[in-house]
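Residue strings, one per chain:
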Amino acid sequence: MARAYRRFADADAAASPLWAHVAVALSAAPDVLRALGVLPARTRHPGVVLAALHDLALSGRAPALAAAHAAGDADAAARAAVDTLLRTTDAVTTLAARRRVRSDETGRCAVLYPAVAEAAHRVGATAVGLVDVGCSAGLDLLVDRVGVTYDGGRPRGDPSSPVQFSCTLVGNRPVPDRPVPRVVARIGVDRDPLDVTDADDARWLRACLPPDRPERHARLDAEMALAATTPLLLLRGDVVELLPDAVARVPADALPVVTTTWALARLPVGSRPRFLQRLHEVAATRPVAWVSAEGVGVAPGVPTLGDRPASGHSTLGLTVLDGSGAPAEAVGRCWSKGRLLAWLAEPR
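Residues numbered from 1 in each chain as written. Predicted model: local features only at pLDDT ≥ 70, side-chain atom pairs only at ≥ 80, totals over all residues. Heavy atoms only, no water.

A. Main features of the overall build of the protein. Counting its secondary structure elements, the protein contains 12 helices and 11 strands. On C-alpha atoms alone, the protein measures out to a radius of gyration of 21 Å, which is about the 20 Å that the 2.2 N^0.38 rule sets for 348 residues. Evaluated residue by residue, the protein yields a buried proportion of 55% over its 348 residues. Considering only residue pairs separated by 6 or more positions, the protein has 72% of its internal contacts joining residues 24 or more positions apart. Averaging the coordinates of the 40 positive side-chain charges in the protein and doing the same for the 37 negative ones gives two points 3 Å apart. (Helix = DSSP H or I, 4+ residues; strand = E, 2+ residues; numbered from the N terminus. Rg over C-alpha atoms; globule rule 2.2 N^0.38 Å. Buried < 20%, exposed > 50% of the residue type's maximum accessible area, 1.4 Å probe, protein only. Contact = heavy atoms within 4.5 Å. Lys, Arg positive; Asp, Glu negative; His and termini not counted. Charge placed at Lys NZ, Arg CZ, Asp CG, Glu CD.)

And the structure:
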């Protein structure tokens, strides 16, 4: 376990020097390792334990840790984290057992926007219903309500939105200049969806971000504020089993666009083909599109382009199920959860 915390520190050092410092301190504290050693493996993972400690700081239950976070003092944060964990072990372990790490604040909308627009274009749809699988807090369902700029070009989406993303393009092919059509339904499916209007859920989303990255906290707060003003329907349960019900809630005159962003990797390997089967079943009576941003080889049916799994980037897939028999297509590659994008699809 000490090695796991040191590996986490090495991997996270660039993203959060403060959290890396805290992880090393936890790895070197025998009392901490003994307290965590009796827990199931998932609940003692460094990511979820650090998020649980951050949650306690944000809630006012760990004032010394909160003060160290606010001051950006890594040494003080390390001491306070060790003290907080030993004093409030039950609270930390309860949070770690109940929650999982969420990374909702990312550039996902930057890769989703052109792919959703492309799906609608290929079917000739003038309205879409978004169905986000593994939605967490449903922030991906805001794809049309945010602004996205690719390499300093003309903004797509809503240029007046309080949430703005920028994305660096890789390669010479531009992203198609097509708008996402009118969105008439926003439905999320998750085993444990988070409600951004619930104080505990919103605090947990913040707790999953490193305390020394204020720009990320500001963007997450803006996204949650936007989501709070947007009608979202979040369904709780098995994402594969709930998929037909979610798609059925999209009005008949709109194209259901199912989106998965680094969500299928959380499913058992055997459930991924069943997810694709469910898509084919719901597409038997109406056209359905699936936009996937997943690791190489994770999304069933989406070509890998000869790339190897765990190669450092993800594949942006587009599957249109409209009776035409068109195969799934890899329309792009993306890095850093959407902050870099290589668009590959030929113009149509």
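B. Structural view of the packing of helix 4 (residues 46–58) against helix 5 (residues 63–71). The N-to-C vectors of helix 4 and helix 5 enclose an angle of 95°; their axes lie 8 Å apart at closest approach. Between helix 4 and helix 5, the angle falls in the class roughly perpendicular. Touching Leu53, His54 and Ala57 of helix 4 are Leu65, Ala66 and His69, all from helix 5. For the contact of helix 4 with helix 5, a count of residues per class yields 4 nonpolar, 2 polar and no charged. (Axes fitted to C-alpha atoms, helices over the stretch in contact; angles between N-to-C directions. Parallel < 35°, antiparallel > 145°, perpendicular 65-115°, else oblique. Nonpolar A, V, L, I, M, F, W, Y, C, P; charged D, E, K, R; others polar.)

C. Structural view of the nonpolar core. Grouped together as the largest cluster of nonpolar side chains are 88 residues, with contacts concentrated most on Leu26 and Leu316. Counting residues per element, this core draws most heavily on helix 8 (residues 108–123), which supplies 10 residues. Among residues more than four places away in sequence, those in contact with Leu26 are Tyr5, Val32, Leu33, Leu50, Leu53, Ala81, Val82 and Leu85. Counting residues in hydrophobic clusters, the runner-up holds 31 residues, among them Leu235, Val239, Phe275 and Trp290. (Core = buried A, V, L, I, M, F, W, Y, C linked by side-chain atoms within 4.5 Å.)

D. Representation of the pattern of salt bridges. Scanning the model with the defined rule gives 26 salt bridges in all. Close ionic contact of Asp83 with Arg87 constitutes a salt bridge, the shortest N to O distance being 2.8 Å. Taken together, the residues span about one helical turn, with Asp83 and Arg87 both in helix 6 (residues 74–87) at a distance of 4 residues. Where Arg278 meets Glu241, a salt bridge forms, and the shortest distance between an N and an O atom there is 2.7 Å. Of this pair, Arg278 sits in helix 12 (residues 271–282) while Glu241 is found in helix 11 (residues 239–248), placing the two residues 37 residues apart along the sequence. (Salt bridge = Lys/Arg side-chain N within 4 Å of Asp/Glu carboxyl O.)

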